[in-house]
Amino acid sequence: MSTQVATVGTIEKQISLPLTEAIKIAFRSLKIRFWRSLITIGGIFFGIAFLMSILTSTAINGALLEGGSAQVRALLEQKGTDAEAGVQQIWLVTLSLLVCAVGITNAMLMSVTERYREIGTMKCLGALDKFIVELFLLESAFQGLVGSLGGVILGCLFMLLSSMSSYGTEPISVFPLYSVLEYGAYSLGAGLFLSVIGAMYPAYRAAKMPPADAMRTEV
Amino acid sequence: MSEEQTVTAPEPKAPDQPNIVRTRGVKKIYRMGTFDLEALKGVDMEIKRGEYISIMGPSGSGKSTLFNMIGALDKPSEGKVYIDEVDVAQLDAYELAWLRCRKIGYIFQTFNLIPVMTALENVTLPMIFAGIPTDESIDKGVGLLERVGLGGRVQHKPLELSGGQQQRVAVARALANDPAIVLADEPTGNLDRKTGREIIELLRELNEENEVTIISATHDLKMLDVSDRILWVQDGKIERDQKREELDLDVGQLEHDEENTIE
Ligand SMILES: Nc1ncnc2c1ncn2[C@@H]1O[C@H](COP(=O)(O)OP(=O)(O)OP(=O)(O)O)[C@@H](O)[C@H]1O
Ligand SMILES: [Mg+2]
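Everything in this summary refers to the structure shown in the same document. (Residues numbered from 1 in each chain as written. Chains lettered and ligands numbered in written order. Predicted model: local features only at pLDDT ≥ 70, side-chain atom pairs only at ≥ 80, totals over all residues. Heavy atoms only, no water.)

### A few points about the sheet that holds strand β4 (residues 78-83) of chain B
Residues and elements named next belong to chain B. In spatial order, the strands read β2-β1-β4-β5; together these four strands make up an open sheet with antiparallel pairing. The sheet is open, and its two borders are formed by β2 (35-48) and β5 (86-87), each paired with just one other strand. The strands touched by helix α1 (residues 63-70) within the sheet are β1 (19-32), β2 and β4, with β2 carrying the most contacts at an inclination of about 60°. (Pairing = 2+ DSSP bridges. Helix = DSSP H or I, 4+ residues; strand = E, 2+ residues; numbered from the N terminus. Contact = heavy atoms within 4.5 Å. Axes fitted to C-alpha atoms, helices over the stretch in contact; angles between N-to-C directions.)

Okay, here's the thing in structure tokens:
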């Protein structure tokens with residue numbers, strides 16, 4: 001053990017939390033609450049899957065209308081399938097994303113509330129408010145990433161298969177890879193964005209508390 | 001109790017040391033709906049570098065509130081707290097974090113270890129905040145855990161440790177960045193007598209070997225044996241400031257009383 005005694009007088013500023021350490025801590029907190037994290041991830045997963053389904057089906061139908069056989073085009077026009085997403089669909093997507101955001105905020109509020117003591121302790125050990133926010137945002141972003149990625153893949157695959165069940169192999173031959181990838185990126189971005197926004201308020205509220213209050217809070 | 005009297009009186013500390021903690025007119029008022037509760041009613045005190053101070057007083061007298069003020073864990077409603085003659089209220093967020101990280105080590109009645117981290121990770125966390133490289137912090141963390149007698153338990157999670165062992169981890173964590181002050185709020189409150197005595201003994205050794213200033217709020221009369229000075233808190237005020245030498249007569253009586261109370 002070091003026998004060095006802290007020097008008298010000065011108070012300095014340098015305090016750090018390397019990103020790798022922050023990621024390690026955030027990841028472990030998720031692991032320990034595995035089932036809860038899984039439910040949050042599930043909420044994002046289905047919300048983004050819904051978004052991706054609508055976007056993919058729009059893209060595939062558009063490609064079929066452009067490059068498909070006369071037969072398929074006739075079928076599509078007969079059904080009245082629009083290449084553009086309709087107002088109704090936009091409304092459904094918006095709603096599902098809102099549900100997603102509320103679900104994430106709720107999950108983060110819970111995970112913050114049950115950890116007030118831990119947050120207070122970390123601040124006693126020298127954590128800056130922004131470390132606390134960073135840790136919670138990392139947790140949430142990770143959940144958002146996993147959930148959205150899964151949702152994008154599910155939504156895309158499901159719509160491709162459903163289109164193939166109606167039009168045979170044609171959706172594959174005209175598959176609009178570029179626009180589907182683009183929509184996938186949008187959906188992923190939306191999932192991540194919602195996760196971070198949803199976690200912002202709970203994380204900020206937790207970080208602002210004086211350590212004494214945070215450690216008194218019993219849940 | 002006399003046969004387990006392993007704790008001996010420390011040498012009186014040099015009185016010419018600088019003040020490490022000083023408070024002036026510290027008040028704390030908690031707003032409780034319609035009325036205000038004045039938990040501290042104007043506390044003035046000085047603590048010298050290297051002293052071992054016990055803050056004694058009945059439950060609800062304001063010990064923990066005072067602990068939070070000295071430790072910069074809460075803001076006083078009125079008055080000033082100086083650490084190393086720096087007014088804590090003037091510090092910005094970074095300086096405050098630095099103070100909590102490097103200058104003060106905290107020990108709590110409820111241990112407050114981070115449950116998802118191992119003993120070693122709990123001890124290295126303050127070193128990570130202090131920017132110490134990982135290898136170095138691990139070496140030092142293991143050293144500290146050995147120092148508190150937990151060398152064989154570095155990879156255990158808090159829930160796999162007994163109360164006494166958890167408090168040892170907390171002591172090691174409090175020492176991680178070689179603080180000038182160790183603040184303890186009833187460190188023996190959740191421990192049995194023997195374990196409590198071991199923790200007190202450990203704190204005393206730190207005080208003597210590393211010249212760490214120890215400030216401990218406590219009900220535990222065993223603490224009196226090792227303290228240089230006792231601040232008696234009553235109803236939000238310091239009622240008596242007593243040096244150890246002035247205490248001997250009273251202690252005999254108090255310990256006698258303690259033996260007769262059933263815990
Ligand atoms: N956050 C708070 N809000 C309202 N009242 C508080 C708060 N913290 C403390 N008090 C009140 O302030 C007074 C002093 O409390 P404090 O916790 O400092 O006592 P204590 O001496 O540490 O007691 P104990 O020995 O039981 O720990 C008590 O009357 C308590 O109810
Ligand atoms: Mg108390």
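### Digging into the pattern of salt bridges
All names here are of chain B. Taken as a whole, this structure holds 26 salt bridges over all chains when the rule is applied. Arg 22 is the partner of Glu 85 in a salt bridge, and the nearest nitrogen-oxygen pair spans 2.8 Å. Of this pair, Glu 85 sits in the loop between β4 and β5 while Arg 22 is found in strand β1, placing the two residues 63 residues apart along the sequence. Classification of Glu 85 as partly exposed rests on a relative accessible area of 41%. Measuring nitrogen to oxygen at the nearest pair gives 2.4 Å for the salt bridge that ties Glu 46 to Arg 24. Here Glu 46 is found in strand β2, whereas its partner Arg 24 is found in strand β1, with 22 residues between them in sequence. (Salt bridge = Lys/Arg side-chain N within 4 Å of Asp/Glu carboxyl O. Buried < 20%, exposed > 50% of the residue type's maximum accessible area, 1.4 Å probe, protein only.)

### Side note on helix α5 (residues 163-174) of chain B
Along an α-helix, a turn takes 3.6 residues, which lines up residues three or four apart on a common side. All names here are of chain B. Here α5 is 12 residues long and its end C-alpha atoms lie 16 Å apart, about the 16 Å a rise of 1.5 Å per residue gives. Counted residue by residue, α5 has 11 buried out of 12 residues, so it is predominantly covered. Among the residues of α5, those classed as buried are Gly 164, Gln 165, Gln 166, Gln 167, Arg 168, Val 169, Ala 170, Val 171, Ala 172, Arg 173 and Ala 174. (Expected span 1.5 Å × (residues − 1).)

That is the geometry; function is a separate question.
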